[in-house]
Amino acid sequence: MPTFLGQNQYGKAENRVVKITRDGATHHIKDLNVSVSLSGDMDEVHYSGSNANVLPTDTTKNTVYAFAKEHGIESAEQFGIHLARHFVTSQEPIHRARIRIEEYAWERIETSGAGTKETGSDEQSKHSFVRQGQETRLTQITYDGESWEVVSGLKDLVVMNSTDSEFWGYVKDKYTTLPEAYDRILATQVSARWRFNWTDDGREMPDWEESYEQTRKHLLQAFAETYSLSLQQTLFQMGSRIIDHRGEIDEVRFSLPNKHHFLVDLGPFGLKNDTADGAVYLAADRPYGLIEGTVLRDGCEARIPVDLSNL
């Protein structure tokens, strides 16, 4: 039976790059995990084993590290754009490059301000950092020699509202046991991606760092300020607020696991749990409701994959 080659790509995955920039005694960290995927005229290497069109994956790894030194890392997006452009324009057989980057944030360690030789007199150390334990920043840059697609986002951002959340009026059948809730904890671990409308070099690039910080801010503010009747409602408010305030973004997709918190029955111990001064909850990790959805600017089409685990 005849066979033929379908979609294919290759590259070097998960190149861990830590770039230290020294501004005198003050240092700055960019900590990235960079994956490169290349595709194009690669039929012959699959059919006959000829490597004539193959740029070794080891070379792509070396390029990542060399570019970190030569060009620096202004932002994850800008670094990915440099790499994608290089691979497509420098190698004729390569028609498309996809760069995926995870960025891990670090913050300066606060010091006592004692004015030691090592730390100086500032309240924050110039060269000592602690890894932030919240979200991982993400970006994916795709370039085909003519147009760009930049999808950025975050994962593992855990948020909670301890009140201002209800859930009632839902469908009930003979298997329904969930009681209606008129004051509940709403918690989730946000995974979000947003697509920029910057697609060609003829337009001014967004300020990638400012865009990330502001998008994250609006996401969090919408979560905090929405009186929620469902996590779906909160999802829509988060996406709408981002699009309303960030003109460079046309599409946002969320995957929001509902981190359920259940009141513990303390009756067997002679204790009333839910009282005016507080309550004790069981934080259940599974199973969990999984709420997913896309919010779009009017007139735009969805392009972010439904399954965010593949992006």
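About the criteria used
Residues numbered from 1 in each chain as written. Predicted model: local features only at pLDDT ≥ 70, side-chain atom pairs only at ≥ 80, totals over all residues. Heavy atoms only, no water. Helix = DSSP H or I, 4+ residues; strand = E, 2+ residues; numbered from the N terminus. Buried < 20%, exposed > 50% of the residue type's maximum accessible area, 1.4 Å probe, protein only. Contact = heavy atoms within 4.5 Å. Areas by Shrake-Rupley, 256 points an atom, 1.4 Å probe, with all protein chains shown as cover. Lys, Arg positive; Asp, Glu negative; His and termini not counted. Charge placed at Lys NZ, Arg CZ, Asp CG, Glu CD. Pairing = 2+ DSSP bridges. Phe/Tyr/Trp six-rings, centres within 6.5 Å; stacked < 30°, edge-to-face > 60°. Lys NZ or Arg CZ within 6 Å of the ring centre and 35° of its normal. Axes fitted to C-alpha atoms, helices over the stretch in contact; angles between N-to-C directions. Salt bridge = Lys/Arg side-chain N within 4 Å of Asp/Glu carboxyl O. Patch = residues over 30% accessible without salt bridge, like charges linked within 9 Å, V, L, I, M, F, W, Y side chains within 5 Å. Core = buried A, V, L, I, M, F, W, Y, C linked by side-chain atoms within 4.5 Å. Parallel < 35°, antiparallel > 145°, perpendicular 65-115°, else oblique. Left-handed = near helix turned anticlockwise from the far one by under 90°. Nonpolar A, V, L, I, M, F, W, Y, C, P; charged D, E, K, R; others polar.

Participant: Honestly, the overall build of the protein in this entry has me stumped. Any pointers?
Facilitator: Helix and strand content of the protein: five helices and twelve strands. Dimensions of the protein, computed from C-alpha atoms along their principal axes, come out at roughly 75 × 70 × 40 Å. Out of the 311 residues in the protein, the part that is buried amounts to 41%. Here the analysis covers contacts within the protein between residues at least 6 apart in sequence; of these, 66% occur between residues at least 24 apart. Counting only carbon and sulfur atoms, one obtains 49% of the accessible surface of the protein, whose full area is about 17600 Å². Of note, the protein has its 33 positive side-chain charges centred 3 Å away from the centre of its 48 negative side-chain charges.

Participant: I tried to follow the pairing of strand 9 (residues 249-258) on my own but got confused; where do I start?
Facilitator: Looking down a regular strand, the side chains alternate between one sheet face and the other. Across the ten residues of strand 9, ten count as buried, placing the element largely inside the fold. Two elements, strand 8 (residues 186-196) and strand 9, share seven bridges in a ladder whose sense is antiparallel. Bridge pairing links Phe196 to Ile249 in strand 9.

Participant: Which parts of the structure should I look at to understand the packing of aromatic side chains?
Facilitator: Scanning the entire structure with this criterion turns up seven aromatic pairs. Seen in terms of ring centroids, Tyr143 and Trp148 are 3.8 Å apart; in terms of plane orientation they differ by 15°. Their pairing is stacked. One exposure class covers both Tyr143 and Trp148, and it is buried. One aromatic cluster in this structure is built from Tyr143, Trp148, Phe196, Trp198 and Trp208. Against the face of Tyr212 rests Arg137, its NZ or CZ located 4.4 Å from the ring centre.

Participant: What is the right way to read the sheet that holds strand 9 from this model?
Facilitator: For sheets, the rule is that strands pair by backbone hydrogen bonds, running either parallel or antiparallel. Strand order in the open sheet made by the eight strands is 1-2-3-6-7-8-9-12, with antiparallel pairing throughout. With partners counted over all chains shown, the strands left at the sheet margins are strand 1 (15-23) and strand 12 (289-296), one partner each. Each strand axis lies, on average, 20° off the axis of its neighbour in the sheet, ignoring direction. Helix 3 (residues 76-90) rests against strand 2 (26-40), strand 3 (94-104), strand 6 (136-143) and strand 7 (148-161) of the sheet, and its axis sits at about 160° to strand 3. In this fold helix 4 (residues 208-225) packs onto strand 2, strand 6, strand 7, strand 8 and strand 9, with an angle of close to 35° to the strand it touches most, strand 7.

Participant: Just checking my understanding: could you explain the pairing of strand 3 for this structure?
Facilitator: The sheet contact formed by strand 2 and strand 3 spans ten bridges and is antiparallel. Paired with Ser35 across the two strands is Arg100, which belongs to strand 3. Pairing analysis gives seven bridges linking strand 3 to strand 6, with the strands arranged antiparallel. Looking at strand 6, one finds that Arg98 is bridged to Thr142.

Participant: Help me understand the pattern of salt bridges, please; the structure alone is not making it clear to me.
Facilitator: Two side chains carrying opposite charge are able to pair once their charged atoms lie near each other. By the definition in use, this model includes 16 salt bridges. For the salt bridge of Glu103 with Arg137, the shortest nitrogen-to-oxygen distance reads 3.8 Å. Of this pair, Glu103 sits in strand 3 while Arg137 sits in strand 6, placing them 34 residues apart in sequence. Considered together, Glu103 and Arg137 belong to a single accessibility category, that of buried residues. Between Arg195 and Glu251 there is a salt bridge, with the nearest N and O atoms lying 2.7 Å from each other. Of this pair, Arg195 sits in strand 8 while Glu251 sits in strand 9, and the two are 56 residues apart along the sequence. Note on Glu251: relative accessible area 0%, which makes it buried. Each of Lys30, Glu77, Glu103, Arg137 and Glu209 takes part in a single network of salt bridges with overlapping partners.

Participant: Help me understand a nonpolar patch on the surface, please; the structure alone is not making it clear to me.
Facilitator: Residues Trp168, Tyr182, Tyr227 and Leu229 make up a contiguous nonpolar surface patch of about 440 Å² in total accessible area. Along the chain, Leu229 falls in the loop between helix 4 and helix 5 (231-245). Since its relative accessible area comes to 43%, Leu229 is described here as partly exposed.

Participant: I tried to follow the nonpolar core on my own but got confused; where do I start?
Facilitator: Of all hydrophobic cores here, the largest spans 52 residues; its most connected members are Val34, Phe79, Val190 and Phe254. The leading source of residues in this core is helix 3, at seven residues. Those residues in contact with Phe79 that lie beyond four places of it in its chain are Leu32, Val34, Val64, Phe67, Ala68, Gly72, Ile73 and Ile101.

Participant: I would appreciate a short explanation of the packing of helix 2 (residues 57-70) against helix 3 in the present structure.
Facilitator: In helix packing, the relevant descriptors are the interaxial angle and the interaxial distance, both defined with respect to the helix axes. Between helix 2 and helix 3, the least distance of the axes is 11 Å, while the angle of their chain directions is 130°. Classified by the angle between their axes, helix 2 and helix 3 sit oblique to one another. For the crossing formed where helix 2 meets helix 3, the hand is right-handed. Each of Thr60, Thr63, Val64, Phe67 and Ala68 in helix 2 lies in contact with helix 3, whose residues at this interface are Phe79, His82, Leu83, His86 and Phe87. In terms of residue class, the contact of helix 2 with helix 3 is made up of six nonpolar, four polar and no charged.

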